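Breakdown of the fold
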Amino acid sequence: MQLHLVVNTFGSDLQRRYGEKIYKLTLHGGFSCPNRDGTIGVGGCTFCNVASIIDESIQVNTISQQLAQQAHQMKKSKRYLAYFQAYTSTYAEVEILKNMYEEALNSADIVGLCVGTRPDCVPDEALNLLASYQAKGFEVWLELGLQTAHDKTLHNINRGHTFDVYHQTVQKARRLGIKVCTHLIIGLPKETKQDNLMTLDRVLNCGVDGLKLHPLHIVEGSIMAKVWRAGRLDILSLEQYVDIAGDIIRQTPAHILYHRISANARKPTLLAPDWCENHWQSMNAVDHNLRQFGAQGSAINDTYHFKQSKDSIDNLGS
Ligand code: SF4
């Protein structure tokens, strides 16, 4: 699979800019989540069980230990991005954030930070801190979980924030020149393909630098697991997911970087759909759809710049 020929991927962009592969090392900063501890809500987003995406046991190690351990296991790369992934990685006093981020940035072979968080949990102090690292030449990405631009769905899945809050945070980040990657879920309850395309449109109108697409998948320990077990939740087939993801990518301007076009989880934590167990199956299927019906940006006649970057990628032989 050569996904970079049909999608402007983050991995290829990093390789082009740094002249080598840059991998993300995932970190657990020991943060909590305001949608779980009662500050904003309790119980969390209905699809969420953080333990399904990150190994909770790694947080007993310091940030530099976590980085060293993963870098040691990762044989394919020499330089890395430190990815604060678990829970809400801006949810602490700014001095704590500073210590943690700088422990990562001062570790060997780290070129920058990706910080995953909620749109309603990014104070100006945290943004200024991230902007200061960018000013020093580090790669910095703010990864915002939005999932959908529809307030009704945001309410139904217990996100605890509205689209407007996301919009305001993106505006502030972009004013400081911080790159934003927005996470979206395809297949949320009661949402149609039209709803997904409308979400894309609204996110693009706010301005965004990167996107991550995930299929809704049901994990053990989430609120949705109970609803799914009761037979009250429809889950997308692989074909339905690929059809929607393909159209979203075709309607995405060519300069926007895709950090992810699918997601996976392992059984027994993964309950449904079965196809989410195999990351490559869905990646290949989306790749095939894009080759067949048009690459990123093709639905909006925006492939010129993409072709330029594709040629650069090809020259690097990636
Ligand atoms: S998805 Fe993020 S914001 Fe929602 S409950 Fe899980 S950790 Fe908290």
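Now for a look at the structure at hand. The shown structure was predicted, so the numbers you read here are calculated from the model rather than taken from an experiment.

Quick look at the packing of aromatic side chains now. Taken as a whole and assessed by the stated rule, the structure comprises five aromatic pairs. When the centroid spacing of 5.5 Å and the interplanar angle of 35° are considered together, the rings of Tyr 241 and Trp 275 count as tilted. With Tyr 241 in helix 9 (residues 238-250) and Trp 275 in the loop between strand 9 (270-272) and helix 10 (279-293), this pair connects stretches of sequence that are 34 residues apart. Assessed through its relative accessible area of 10%, Trp 275 is described here as buried. Over the ring of Tyr 83 we find Lys 24, and its NZ or CZ is 4.2 Å from the ring centre.

Right, let's talk about the packing of helix 6 (residues 163-175) against helix 7 (residues 193-206) for a bit. Interhelical geometry of helix 6 versus helix 7 gives an angle of 35° and a closest axis separation of 9 Å. Contact with helix 6, carried on its side by Phe 163, Tyr 166, His 167, Val 170, Gln 171 and Arg 174, involves Arg 202, Val 203 and Cys 206 of helix 7 and no other residues of that element. Along the lines of polarity and charge, the residues of the contact of helix 6 with helix 7 split into five nonpolar, two polar and two charged.

Before going further, it helps to examine the sheet that holds strand 5 (residues 179-186). Taken together, the seven strands give an open sheet; going across it, the order is 1-2-3-4-5-6-8, and neighbouring strands pair in parallel fashion. The open sheet has two edge strands, strand 1 (22-27) and strand 8 (257-260), and neither has a second partner. Strand-to-strand twist across the sheet, computed as the mean angle between neighbouring axes with direction ignored, equals 25°. In this fold helix 1 (residues 10-18) packs onto strand 1, strand 2 (79-84), strand 3 (110-117), strand 4 (139-147), strand 5 and strand 8, with an angle of close to 170° to the strand it touches most, strand 4. Relative to strand 6 (residues 210-215), helix 9 is tilted by about 170°, and along the sheet it contacts strand 5, strand 6 and strand 8.

This brings us to the pairing of strand 3. Extensive coverage of strand 3 is indicated by the burial of eight of its eight residues. Summarising the sheet, strand 3 and strand 4 pair through six bridges and their orientation is parallel. Of the residues in strand 4, the one forming a bridge with Leu 113 is Val 140. Handedness of the crossover joining strand 3 and strand 4 through helix 4 (residues 124-135): right-handed.

With that settled, the discussion passes to the environment of His 214. Following the sequence through the fold, His 214 ends up in strand 6. Judged by its relative accessible area of 16%, His 214 is buried. On a C-alpha basis, the gap between His 214 and Cys 276 in space is 9.8 Å, while along the polypeptide they are 62 residues apart. The residues touching His 214, leaving out its near neighbours within four places in the chain, are His 183, Leu 184, Ile 185, Ile 186, Tyr 241, Arg 260 and Ala 263.

Another aspect to go through is the nonpolar core. Counting 66 residues, the largest nonpolar core has Phe 84, Tyr 101, Leu 113, Leu 130, Tyr 166 and Leu 213 as the members making the most contacts within it. Of the residues forming this core, the biggest block, seven residues, is contributed by helix 9. Discounting residues that sit within four places of it in the chain, Tyr 101 has contacts with Phe 84, Ser 89, Thr 90, Leu 113, Val 115, Leu 129, Leu 130 and Tyr 133. Formed by 14 residues, the second largest nonpolar core is a distinct cluster that contains Cys 48, Ile 157, Leu 188 and Leu 271.

What follows deals with the packing of helix 2 (residues 63-73) against helix 3 (residues 94-105). Contact pair helix 2 / helix 3: the axes reach a minimum separation of 8 Å and the direction vectors enclose 30°. Relative to helix 3, helix 2 is oriented roughly parallel. Where helix 2 crosses over helix 3, the two elements pack in a sense that is right-handed. Across from Ile 63, Ser 64 and Leu 67 in helix 2, the residues of helix 3 making contact are Met 100, Glu 103 and Ala 104.

For the coordinates displayed, the defined rule picks out 17 salt bridges. Its salt-bridge partner being Arg 17, residue Asp 13 comes within 2.9 Å of it at the nearest N-O pair. With Asp 13 and Arg 17 both in helix 1 and four residues apart, the pair spans about one turn of that helix. Assessed through its relative accessible area of 9%, Asp 13 is described here as buried. Owing to a relative accessible area of 41%, Arg 17 belongs among the partly exposed residues under this scheme. Of the charged contacts in the structure, one is a salt bridge between Asp 274 and Lys 267, with a shortest N-O distance of 2.9 Å. Residue Lys 267 is classed as partly exposed on the basis of its relative accessible area of 40%.

Tracing the chain through its elements places Lys 98 in helix 3. A relative accessible area of 31% means that Lys 98 is categorised as partly exposed. Spatially, the C-alpha atoms of Lys 98 and Ala 126 are 8.5 Å apart, while their sequence positions differ by 28 residues. When near neighbours in sequence (up to four residues on either side) are disregarded, Lys 98 contacts Leu 129 and Tyr 133.

Conventions we followed
- Residues numbered from 1 in each chain as written.
- Predicted model: local features only at pLDDT ≥ 70, side-chain atom pairs only at ≥ 80, totals over all residues.
- Heavy atoms only, no water.
- Phe/Tyr/Trp six-rings, centres within 6.5 Å; stacked < 30°, edge-to-face > 60°.
- Helix = DSSP H or I, 4+ residues; strand = E, 2+ residues; numbered from the N terminus.
- Buried < 20%, exposed > 50% of the residue type's maximum accessible area, 1.4 Å probe, protein only.
- Lys NZ or Arg CZ within 6 Å of the ring centre and 35° of its normal.
- Axes fitted to C-alpha atoms, helices over the stretch in contact; angles between N-to-C directions.
- Contact = heavy atoms within 4.5 Å.
- Nonpolar A, V, L, I, M, F, W, Y, C, P; charged D, E, K, R; others polar.
- Pairing = 2+ DSSP bridges.
- Right-handed = clockwise from strand over helix to strand, strands pointing away.
- Core = buried A, V, L, I, M, F, W, Y, C linked by side-chain atoms within 4.5 Å.
- Parallel < 35°, antiparallel > 145°, perpendicular 65-115°, else oblique.
- Left-handed = near helix turned anticlockwise from the far one by under 90°.
- Salt bridge = Lys/Arg side-chain N within 4 Å of Asp/Glu carboxyl O.

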